[in-house]
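# Notes for the structure review
Letter by letter, the chains look like this.
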Amino acid sequence: MSLRLRSLESRIVLLFLVLVLAVQLAGLFAIQAGIRDNARTAIREELLVGERVFGRVLQQYAQTLTQGARLLAADYGMREAIGSNDRETIESALANHGQRIQASHTMLIGLDRSLRAATAGGANGPLEAAALGLIDRAEEKGSAAGAAVLEERPYLVVVVPVKAPVTISWVAMAFAIGQRIADDMRELSSLQVAILTSDSKTGYSADASTLPGAATASLLQRLGQLEHASAFIPEMTLGDAEYSARLLPIAEDSDDEVLVVLLRSTSEAVARYSQLQLRLLVLTVAGIMIAFGASIVVARRITGPLRDLGDTAKRFGTGDYEGAIDVRRDDEIGELSRAFAAMRDGISKRELEIRRLAYWDTLTNLPNRAQFVTLLDAAIAEAARRGGACQVLMMDLNRFKDVNDVMGHRFGDTLLRMVAERLQAQAFPVPCKLARLGGDEFAVLLPDSPAADARQVAACLLKALEAPLVVEGQSVDLGAGIGIAGYPDHGAAAELLLSRAEIAMYAAKSGGNEAVMYESALDKGSQHSLSLLTELRRAVEENQLRLYVQPKVDFATGRVNGIESLLRWVHPDRGMVFPDQFIPFAESTGFIRTLTRWVLEQSAALCSRMRADGIHLRVSVNLSTRDLLDQELPARFAGVLARHQLPPASFCLEITESAIMDDPVRAEKTLDALHAMGADLSIDDFGTGYSSLAYLKRLPVQELKIDKSFVLKMENDADDAKIVRSTVDLGHNLGLKVVAEGVETLGAWHLLAAIGCDQGQGYFISRPIPAEQFSSWLAQWRPPSSADGAGTDGAGI
């Protein structure tokens, strides 16, 4: 029995095994974790019980020792010696009795809490201090016992009164806490016991231990490494064994501490579960083996019929649709076999349709890009064989996107069909093959033709589009840009020729030409444009753009009543990049919309900050041709105002005459929507365009801006001065405010004020400054007085 590792059968078996193994191992690990958790809980409880047991053992020792001390206190001779203050007899009695009950130290303390007598030894001072601390408890309870550190070792100290019949003195005895207590504790429980003394200078030392010698040494070393030992230590490695420990301080003085350590072996606690773990492991292995066998049976039940269907599919792949499908089942595999039969019938019917769709454009019934590339490959091969040439023309319709956006896709599709019909009906001077590549792009192939023929065909194509097309009663005037590339001059591969024809086509569209032959210089311009577009996108993403502003001042009052937002680009390598170096490119590529959104957002934020500081000025922002053709602009502008909680009247949107005249209908629709919102509108660079006054009168604008080319020379040029005066009068007659750009001298200021111009902006007032510096500039602004301009009469005004 063998399984192919990449077959479905092996994957099903593997899946079964993985699932079973995962469940079994998860259960095994969970049980093992539970066993360890239970063992640790049991160990902790054993240590708590052991703490109480040790307390009882110590208490029993104390009671036994207290009884021995009471015998001495009740001795008649002892009381007589105390009464007569016979020090020699007292010391003899203390020594003899202490020896009989194995007391290490004994002493007699008077009612005045002074030492009356003691057996020989160096611990009398510490013993006296410990005894004095127990006398108060002994007065209440008749006796007292406690642990103490004497001679750097742990001792149990008992104190009993000597009565005759009232208390006449106190007997104190000390008994060493040592190995006997540790052994008794070990016999009473399953715990290991270590009794340690800690010295502030030398560290821990063992007084008694039931652990092996190496383990005791490891314990002393481990405790010495702990800065703050807690009462419970869950894990501690001593030698080769793991322990949990509980620390019981039972006595301490200023330098020493007595610590009892109760330990429970973790491995011993877990050992009793080993049989259970072995059984679980056996069950796990048995379950895996059973799952392995069952998975093979199930997998073959599934994969057997699938192999048969796979063989049938291979026959379909070779074009053989006749063979019978023998799978007879009522489950999902049976449904799959019936679906195969239905697929077989459908494939043969649709194969011809697929071939047609793959090579023909369904909208115009012209060859599509795939077929055109095939035809071009064949033409190149034939030209190469014969030593001739072939040409490719690529044509892109002008203004089609705008028509499609305004009139809808159905209208655009109809327009494309009509363009295709007109091109097919055209009489070309040489044989050619027409194709639609996609969108509004068409291509023409001229096999076995020189470049001169391509120029003639381009002229025919442009002539075919001269007459407007009428679609659904609408007259549509379309032009086109055409790019030409040919074999062998511009490449020997179909895709390369198409790419270079496309580059030439875009050069024709951007340069205003109708047809352009490819040349290598165009590639450089294309690469430069792509690089500049990439850098512009990065400038927005990496915050390289800066908002500058230029103030607008009222000539009558000298007060600043507005600012114009201007865009600057701080390039990381080239430094400050001025708008004339990138705005025209942004206009041509459509990226200007992204820049406009950035300026609107930043201007709104600036306006909001100024209003919070009590500065209420109107902010002017320039709109481009593409912005005016964007029907979503009013909604986006409303969103900006809402985000920054600004009224529409806080903005003045500036548009040029040329921007309006590119598509007057759509521009007027956008302007009406912006005006309805409450925003002011201004015609920028007035006097440089070709708009009619009758048309401008219909626009919902509130302001005219005289182009700076007239204002700059008006002091010395009478004609420019007359143009400025006439424009001011015209604007006022139309009910508009008039703003002069390019106010760069004091004389120009006074001339414009004299002819009644409303507002001005220019270098005399202020150069464009970073937005964050405007508040400081505003605080320092002082308008010129009338006396400053004495003597300027200016160019005949």
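The text that follows walks through the structure, step by step, so that each part is easy to find.

Definitions and cut-offs
- Sequence order sets the numbering: in each chain, residues are counted from 1 along the sequence as written.
- Local features are withheld for residues below a pLDDT of 70 in this predicted model, meaning they are given only at 70 or higher, and side-chain atom pairs are given and counted only at 80 or more; totals for whole chains, interfaces and linings count all residues.
- Think of the side-chain values as coming from all heavy atoms in the structure, minus any hydrogens and water.
- Runs of H or I in DSSP of at least four residues are treated as helices and runs of E of at least two as strands, each being numbered from the N terminus.
- Residue exposure (1.4 Å probe, protein chains only): buried if accessible area is under 20% of the type maximum, exposed if over 50%, otherwise partly exposed.
- The contact criterion used is simple: two residues touch if any of their non-hydrogen atoms lie within 4.5 Å.
- Where helices are involved, their axes are fitted lines through C-alpha atoms of the stretch in contact, as for all axes, and angles between N-to-C directions lie from 0 to 180°.
- Angle categories are assigned with fixed cut-offs, so that under 35 degrees is roughly parallel, over 145 is roughly antiparallel, 65 to 115 is roughly perpendicular, and the rest are oblique.
- If you view the pair so one helix is near and one far, a crossing is left-handed when the near helix is turned anticlockwise from the far one by less than a right angle, and right-handed when it is turned clockwise.
- A 1.4 Å probe that fits but cannot get out identifies a cavity on a 1 Å grid over protein atoms alone, an open set with protein on both sides within 12 Å along at least five of seven lines counts as a pocket, and a residue lines either if it has an atom within 4 Å of a point.
- Grid points are joined across faces, edges and corners, and a volume is the space filled by probe spheres set on the points.
- Each residue receives one of three labels: charged for Asp, Glu, Lys and Arg, nonpolar for Ala, Val, Leu, Ile, Met, Phe, Trp, Tyr, Cys and Pro, and polar for the others, Gly being one of them.
- The span you would expect from a helix comes to 1.5 Å times its residue count less one.
- Along the arc lie the directions from the helix axis toward the C-beta atoms.
- Polar contacts, as used here, are pairs of N or O atoms within 3.5 Å; protein pairs need one atom able to donate a hydrogen and one able to accept it. Residues neighboring in sequence count only if both atoms are side-chain atoms.
- A pairing counts as a salt bridge when a side-chain nitrogen of Lys or Arg comes within 4 Å of a carboxyl oxygen of Asp or Glu.
- Any residue with relative accessible area above 30% and no salt bridge may belong to a patch, with like charges joined within 9 Å and the nonpolar Val, Leu, Ile, Met, Phe, Trp and Tyr side chains within 5 Å.
- Methods summary: accessible areas were calculated by the Shrake-Rupley approach with a probe of 1.4 Å, and residue burial reflects only the protein chains presented.
- A positive count includes Lys and Arg, and a negative count includes Asp and Glu. His and the chain ends are not counted in either.
- All charge positions are set by atom: Lys at NZ, Arg at CZ, Asp at CG, Glu at CD.
- Two strands qualify as a pair provided that DSSP identifies no fewer than 2 bridges between them.

### A short note on the overall build of the protein chain
Counting its regular elements, the protein chain contains 26 helices and 27 strands. Per-residue burial for the protein chain yields a buried fraction of 45% across its 797 residues. Long-range pairs, those at least 24 residues apart, make up 64% of the contacts in the protein chain between residues at least 6 apart in sequence.

### Comments concerning the packing of helix α17 (residues 592-612) against helix α19 (residues 633-644)
In the contact formed by α17 and α19, the axes pass within 9 Å of each other and the chain directions differ by 30 degrees. Classified by the angle their axes make, α17 and α19 are roughly parallel. Taken as a pair, α17 and α19 cross one another with a handedness that is right-handed. Judged by residue contacts, R597, L600, E601, A604, A605 and S608 of α17 engage R636, F637, V640, R643 and H644 from α19.

### Some details on empty space enclosed by the protein
With the rule as written, the count across this model stands at 2 cavities of 30 Å³ or more. Reported here for the largest cavity is a volume of approximately 40 Å³. Taken together, R593, T596, R597, D627, D630, L633 and R636 make up the full set of residues lining the largest cavity. For the lining of the largest cavity, the element with the most residues is α17, which contributes 3 residues. In terms of residue class, the lining of the largest cavity is made up of 1 nonpolar, 1 polar and 5 charged. Estimates place the volume of the second largest cavity at around 30 Å³. Residue lining of the second largest cavity: K552, N561, G562, R618, S620 and Q759, and that is the complete set.

### Observations concerning unusual backbone geometry
With omega at -15 degrees, the peptide bond leading from A164 into P165 counts as cis. When you line up the elements, P165 lands in the loop between β4 (153-163) and β5 (167-176). Geometrically, the link from Y487 to P488 is a cis peptide bond, its omega value of 5 degrees lying close to zero. If you trace the backbone, P488 turns up in the loop between β16 (480-487) and α14 (494-511). Despite not being glycine, N85 shows a phi value in the positive range, around 60 degrees. Following the sequence through the fold, N85 ends up in the loop between α2 (76-84) and α3 (87-100). Unlike most non-glycine residues, Q102 shows phi in positive territory, near 65 degrees.

### Focus on helix α24 (residues 718-733)
Because each turn of an α-helix spans 3.6 residues, side chains separated by three or four positions end up pointing in the same direction. With 16 residues, α24 extends 22 Å from end C-alpha to end C-alpha; this agrees with the ideal 22 Å at 1.5 Å per step. Buried within α24 are the following residues: D720, A721, V724, T727, V728 and G731. Along the axis of α24, the buried positions cluster into a sector of 125 degrees, meaning they face one direction only. Pointing more than 90 degrees away from the buried face of α24 are the exposed residues D719, K722 and N733. In this structure, the buried side of α24 is in contact with β23 (680-686), β24 (703-706), α23 (708-711), β25 (737-741) and α25 (746-754). If you check the start of α24, you find a side-chain oxygen 2.8 Å away from the backbone N of D719, and it comes from D717. The first or second residue beyond α24 is G735, which carries a positive phi of 80 degrees.

### Regarding the pattern of salt bridges
Under the definition given, this model contains 24 salt bridges. With a closest N to O distance of 2.6 Å, E382 and R385 form a salt bridge. Of this pair, E382 and R385 are both found in helix α10 (residues 369-386), 3 residues apart, which corresponds to roughly one turn of the helix. Residue R385 is classed as exposed on the basis of its relative accessible area of 63%. Linking D680 and R618 is a salt bridge whose minimum nitrogen-to-oxygen distance equals 2.5 Å.

### Topic: a negative patch on the surface
There is a patch of like negative charges on the surface, built from E152, E252, D253 and D255. Structurally, E252 can be placed in strand β9 (residues 241-252). A relative accessible area of 64% means that E252 is categorised as exposed.

### Focus on the layout of surface pockets
Computed from the structure, the second largest pocket encloses a volume of approximately 1100 Å³. Considering the residues around the second largest pocket, the lining is formed by 40 residues, among which E564, L566, R568, P579 and N622 are closest to the centre. Elements that contribute at least two residues to the lining of the second largest pocket include exactly β18 (545-554), β19 (560-571), α16 (583-589), α17, β21 (618-622), α18 (625-628), β22 (651-656) and β23. Among the elements that line the lining of the second largest pocket, the one with the most residues is β19, at 5 residues. Grouping the constituent residues of the lining of the second largest pocket by class yields 17 nonpolar, 10 polar and 13 charged.

### Focus on helix α13 (residues 451-464)
Its 14 residues give α13 an end-to-end C-alpha distance of 20 Å, which sits within 8% of 20 Å, the value for a rise of 1.5 Å per residue. Among the residues of α13, D453, A454, V457, A458, C460, L461, L462 and A464 are the ones counted as buried. Buried residues along α13 sit against β11 (390-397), α12 (409-425), β13 (441-446), β16 and β17 (515-517).

### As for a nonpolar patch on the surface
Taken together, the side chains of L278, L281, V282, V285 and M289 make up a nonpolar region of the molecular surface, amounting to roughly 470 Å² of accessible area. Along the chain, the position of V282 falls in helix α8 (residues 274-317).

### As for the sheet that holds strand β1 (residues 105-110)
Taken in spatial order, the 5 strands line up as β2-β1-β5-β4-β3 in an open sheet, and their pairing is antiparallel. Of all the strands in the sheet, the pair left with one neighbour each is β2 (115-118) and β3 (144-150). Pairs of neighbouring strands in the sheet enclose a mean axial angle of 25 degrees, with direction left out of account. Bridge analysis of β3 against β4 gives 7 bridges, and the strand direction is antiparallel. Opposite A147, over in β4, you have L156 as the bridge partner. With respect to the sheet, α3 is in contact with β1, β2 and β5, its orientation differing from that of β2 by roughly 55 degrees.

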